[in-house]
Amino acid sequence: MSLPNHVVGVDQPHSIELSIGGMTCASCAARIEKKLNKIDGVEASVNYATEKAKVDYPNSVDPAVLIAAVEATGYTATAPAAPNDAAPTDSGRDAGEADSLRSRLLISLVLTVPVIAMSMIPALQFTNWQWLALTLASPVVVWGALPFHRAAWANARHRAATMDTLISLGVSAAYLWSLWALFIGHAGMPGMRMAFSLLPDAGSETEHIYLEVAAAVTVFILAGRYFEARAKTRSGAALRALLDMGAKDVAVVRNGTEIRIPTAELSVGDVFVVRPGEKIATDGVVTDGASAVDASMLTGESVPVEVRPGDHVTGATVNAGGRLLVRATRIGADTQLAQMARLVEDAQNGKASVQRLADRVSAVFVPIVLALSVATLAVWLLTGHSATVAFTAAVAVLIIACPCALGLATPTALMVGTGRGAQLGILIKGPQVLESTRRVDTIVLDKTGTVTTGRMSLVGVYPGAGQNSDELLEFAGALESASQHPIAEAIAASASAGGALPAVEDFSNHNGYGVSGVVAGHAVLVGRLSWLNDDWSLTAPDDLASAAEHAESQGHTPVWVAWDGAVRGVIVVADTVKRTSADAIGQFRKLGLRPFLLTGDNRRAALAVAAEVGIDADDVIAEVLPAGKVDTIKSLQAQGRTVAMVGDGVNDAAALVQADLGLAMGTGSDVAIEASDLTLVRGDLRAAADAIRLARSTLRTIKGNLFWAFAYNVAALPLAALGLLNPLIAGAAMAFSSVFVVSNSLRLRRFTSSASPGQTEDVHVATVPPGGDEYRRAHTAP
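Criteria and thresholds
Residue numbering note: each chain is counted from 1, following its sequence as written. Predicted model: local features are reported for residues with pLDDT of at least 70 only, side-chain atom pairs are reported and counted for 80 or more only, and whole-chain, interface and lining totals are derived from all residues. With hydrogens and water set aside, each side-chain value is computed from the structure's full complement of heavy atoms. UniProt positions are given in the numbering used here, feature names are shortened, and annotations may be inferred rather than shown by experiment. Secondary structure elements are taken from DSSP: a helix is a run of H or I of four residues or more, a strand is a run of E of two residues or more, and numbering for both begins at the N terminus. Throughout this description, buried means an accessible area under 20% of the type-specific maximum (1.4 Å probe, protein chains only), exposed means over 50%, and partly exposed covers the range between. By the convention used here, residues are in contact when the closest approach between their heavy atoms is within 4.5 Å. For helices, the axis comes from a line fit to the C-alpha atoms of the stretch in contact; other axes are also lines fit to C-alpha atoms, and the angle between any two N-to-C directions lies between 0 and 180 degrees. Orientation categories follow fixed angle ranges, with anything under 35 degrees roughly parallel, anything over 145 roughly antiparallel, 65 to 115 roughly perpendicular, and all other angles oblique. Helix crossings fall into two classes, left-handed where the near helix is turned counterclockwise from the far one by less than a right angle and right-handed where it is turned clockwise. For this classification, Asp, Glu, Lys and Arg are treated as charged, while Ala, Val, Leu, Ile, Met, Phe, Trp, Tyr, Cys and Pro are nonpolar and the rest, including Gly, are polar. The pairing criterion is simple: DSSP has to find at least two bridges between the two strands. Here a Phe, Tyr or Trp ring, Trp counted by its six-membered ring, pairs with any other such ring whose centre lies within 6.5 Å, and the pair is stacked when the planes are under 30 degrees apart, edge-to-face when over 60, and tilted otherwise. The term nonpolar core refers to a set of buried residues drawn from Ala, Val, Leu, Ile, Met, Phe, Trp, Tyr and Cys, joined through side-chain atoms within 4.5 Å. By this rule the span expected of a helix is its residue count minus one, scaled by 1.5 Å. A side-chain nitrogen of Lys or Arg and a carboxyl oxygen of Asp or Glu constitute a salt bridge if their distance falls within 4 Å.

You'll find the protein entered in an unreviewed UniProt entry as Cation-transporting P-type ATPase B, with Mycolicibacterium chlorophenolicum given as the organism. What UniProt records for the protein under Catalytic activity (unreviewed entry) is the sentence "ATP + H2O = ADP + phosphate + H(+)".

Another aspect to go through is the overall build of the protein. Helix and strand counts for the protein come out as 26 helices and 28 strands. In the protein, buried positions account for 54% of the 782 residues. Long-range pairs, those at least 24 residues apart, make up 70% of the contacts in the protein with a sequence separation of at least 6.

The UniProt entry lists residues 105–123, 129–146, 166–189, 209–227, 361–383, 389–410, 706–722 and 728–746 under the feature "transmembrane region" (unreviewed entry), expressed in the numbering used here. In residues 105–123, the share of helix is 84% and the share of strand is 0%. The end C-alpha atoms are 28 Å apart. Split by type, residues 129–146 is 94% helix and 0% strand. Its first and last C-alpha atoms lie 25 Å apart.

Right, let's get into the packing of helix α16 (residues 469–480) against helix α17 (residues 486–496). The N-to-C vectors of α16 and α17 enclose an angle of 125°; their axes lie 8 Å apart at closest approach. In terms of axis orientation, α16 runs oblique to α17. As for how α16 packs across α17, the hand of that crossing is left-handed. Here Leu-473, Ala-476, Gly-477 and Glu-480 of α16 lie close against α17, whose contacting residues are Ala-488, Ile-491, Ala-492, Ser-494 and Ala-495. Residues of the contact of α16 with α17, tallied by class, amount to six nonpolar, two polar and one charged.

Below, the discussion takes up the sheet that holds strand β5 (residues 249–254). One key point about sheets: their strands pair by backbone hydrogen bonds, in either a parallel or an antiparallel sense. If you trace the six strands from one edge of the open sheet to the other, you get β6-β5-β7-β13-β8-β11, paired in antiparallel fashion. A single partner strand is all that each edge strand has here, and the edge strands are β6 (257–262) and β11 (312–313).

Going through the model one piece at a time under the given rule, you end up with five aromatic pairs. Taking the centre distance of 5.3 Å and the plane angle of 70° together, the rings of Trp-131 and Phe-183 count as edge-to-face. Residue Trp-131 is located in helix α4 (residues 129–144), and its partner Phe-183 is located in helix α6 (residues 163–183); the two are separated by 52 residues in the primary sequence. The exposure class of Phe-183 is exposed, given its relative accessible area of 57%. Among the aromatic residues, ring-to-ring pairing joins Trp-177, Trp-180 and Tyr-210 into one connected group.

Okay, the nonpolar core next. One finds Leu-445, Phe-588, Leu-597, Leu-663 and Leu-685 to be the most contacted residues of the largest nonpolar core, which totals 47 residues. Top element by residues in this core is helix α25 (residues 686–721). It accounts for 10 residues. The residues contacting Leu-663, other than those within four sequence positions of it, are Ala-644, Met-645, Val-646, Gly-647, Leu-656, Ser-676, Leu-678, Leu-680, Ala-688, Ala-691 and Ile-692. Core analysis: the next-biggest nonpolar cluster, separate from the first, contains 35 residues, Ile-167, Val-171, Leu-182 and Leu-222 among them.

Phi is positive for Ala-520, which is not a glycine, with a value near 55°. By the secondary structure assignment, Ala-520 is in the loop between β18 (514–519) and β19 (522–527). The exposed category is assigned to Ala-520, whose relative accessible area is 53%. Even without being glycine, Asp-564 reaches a positive phi, approximately 50°. You can see Asp-564 is positioned in the loop between β20 (557–563) and β21 (566–577). By relative accessible area, which is 42% here, Asp-564 ends up partly exposed.

Between its first and last C-alpha, helix α5 (residues 146–157) extends 17 Å over 12 residues, near the 16 Å set by a 1.5 Å rise per residue. Where α5 is concerned, the buried positions are Phe-148, His-149, Ala-151, Ala-152, Ala-154 and Asn-155. Positive phi shows up at Arg-159, right after α5, with a value of about 55°.

Attention shifts here to the sheet that holds strand β26 (residues 678–680). What the seven strands build is an open sheet, ordered β14-β26-β25-β24-β15-β22-β23; its pairing is mixed. Two strands in the sheet have a free side with no partner beyond their single neighbour: β14 (426–428) and β23 (620–621).

Put simply, α4 and α5 touch, their axes get as near as 5 Å, and they point 40° apart. Here α5 runs oblique to α4, going by the angle between their axes. Side by side, α4 and α5 meet where Val-141, Val-142, Trp-143 and Gly-144 of the first sit next to Leu-146, Pro-147 and His-149 of the second. Residue composition of the contact of α4 with α5, by class: five nonpolar, two polar and no charged.

Turning our eyes to something else, we now look at the pattern of salt bridges. Across all of its chains, the model carries 13 salt bridges by this definition. Here Asp-249 and Arg-260 are joined by a salt bridge, their closest N and O atoms 2.9 Å apart. Taken as a pair, Asp-249 in strand β5 and Arg-260 in strand β6 lie far apart in primary sequence, 11 residues in all. Under the relative-accessibility criterion, Asp-249 is labelled partly exposed at 39%. Between Arg-323 and Glu-258 there is a salt bridge whose closest N-O contact spans 3.2 Å. With Arg-323 in the loop between β12 (318–319) and β13 (324–330) and Glu-258 in strand β6, this residue pair connects regions lying 65 residues apart in the sequence. Three or more residues are tied together by salt bridges with common partners; here these are Asp-249, Arg-260 and Glu-278.

And the structure:
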């Protein structure tokens, strides 16, 4: 077997990521992990959800030994193909597994329904009905349950038992008993009827068949496995969404001529053209031109970054202004976009593997049931009873313990809970997220787009002495309407709300400093104060300078306006706080969560937002990049905290996966949504509190389902072992436990949201200028 060169080193410990195949439950992952960790110097973590093993190993261990150890445990393992493969390779296999299970489920369901009907309704038991039942049930037991039989056989060869073992034995025992009763006993005689009796009759047990039990168990467990496999197909979606953000082609300048080539053909040192509105193809340095670059996918901040010759730019960010020439400095796997993809992948594989509650219980339950069934058979035989009576009791033990309700306990509660969540704008991606919600004690909130609107809005107009705020906004709005800068758009949108704006003549964009033009006969300038000072020798009055300084202390952006040789006022724009954010913070505290604010923005702006929504200053973490966000989550986890993360941007994706519970705002990027455990369709942060409450309620329901699923069966186990329970009664008890599980799950439909119907996430801002007219304006966030 050939292994990639990048996994072999000389002077330091190494890491390798193995793709594991053949796992069917969390106990499989635990067994592989235990086997790998027995090798000297090896530290392994196996994630059942992602089917990956992250292994740290010393120089003395060959990676082939690791693969051999996994294969010796009864599973398959493969090393990654190449270091530059950023796209996940398992999505096709996962989709194929889900499709295969779906086919088995649908065909088995169609065949099983008439078997159950004939077995349970005496009026449908026509002459020789039992042979039709056998014909219909056989494909279900043999082909439909084949994945369970295979897994049970593989476990048996390695002297292990899992839930698959009990499923396979229970289905097989019911089916084989039925075959024996049909071909050797009297159940195959024409006119045979399934008589109902509470206690087994030693003279008539051979007239009972349990084909409906074998088929029903298979269908219920297949349904659970199908929903689980379908969820796995999304495991690599975050990485695919990240990589899809990059530019697909690029205009390269070669020999003085522009030619368009695929981005994959770029080389380090190539100079390429980025026009307004285009994505930057790869990481590089600006060699010519000036523009504003929207880097929100990296920083999460809505304010574009001004760039000019000598500045670094990042691939997949968007050129929002003028034409740029960029020299490529990093390509392929070395780009920041690819590094972010690796962050997400590492966080996925580093997350502790989630064991389903049913699997944990089965680790003890399965061996006990198997031992009890064998003991029952032996005791009845040793006490002088016939083999028929002994086998009847042993089969009753297996059937009553067969985990039919267990197969429904998680999927039914999850389906009802997620269905109700979807009605409330909350998407729960799978059962693996539920345990985290119970233990979460800390919630980390991204600022931009989560606590705030994520869009620049006008928050204040400060006219100078003797000036009118409406005129100031009208002149600035008219001039900014000719620009495509997000700050300009915010000012123009607010100005145009008051009516049509005057025409602009001689408009000029001054490369990140400001804009100029003639409005209503006045020579108007709008932009930075430093530009007005240096290029136009204009000085701001003290009262306006104080207003601008106060705005900057709040993390807001002042935009200066001048005309006819004098500074006339300052307009303030900001990413405003959602009205519902403060209420959401209060709800988090009631749920026992400590809120933290995490942002790539400057600390001054972050503290202003935190003060407004009620987050303590000590719990504000500012000026962090994507890797820093992941490190922050890891640091909190290292303190013993169980962390939930709420974010909306691409830059939040890795942190969302690293967190014990990731919640993405549905108004944000596809990458964040795919990387999260819970998606909040609404932009209302209170939905995060609702999501945690709903998830906890769903988990409580699942726990209740599991308890009763076992309670019914465990209570009847002594009766079955003592020969006081007909296998048919065992099947009925199992069916009744399933009905109870479904009914209990349906109670989740009554879950209600904390937000009043129709209540919006609007933002209201009122400002009073230091001089001139008072200007008040309310804005509603989209």
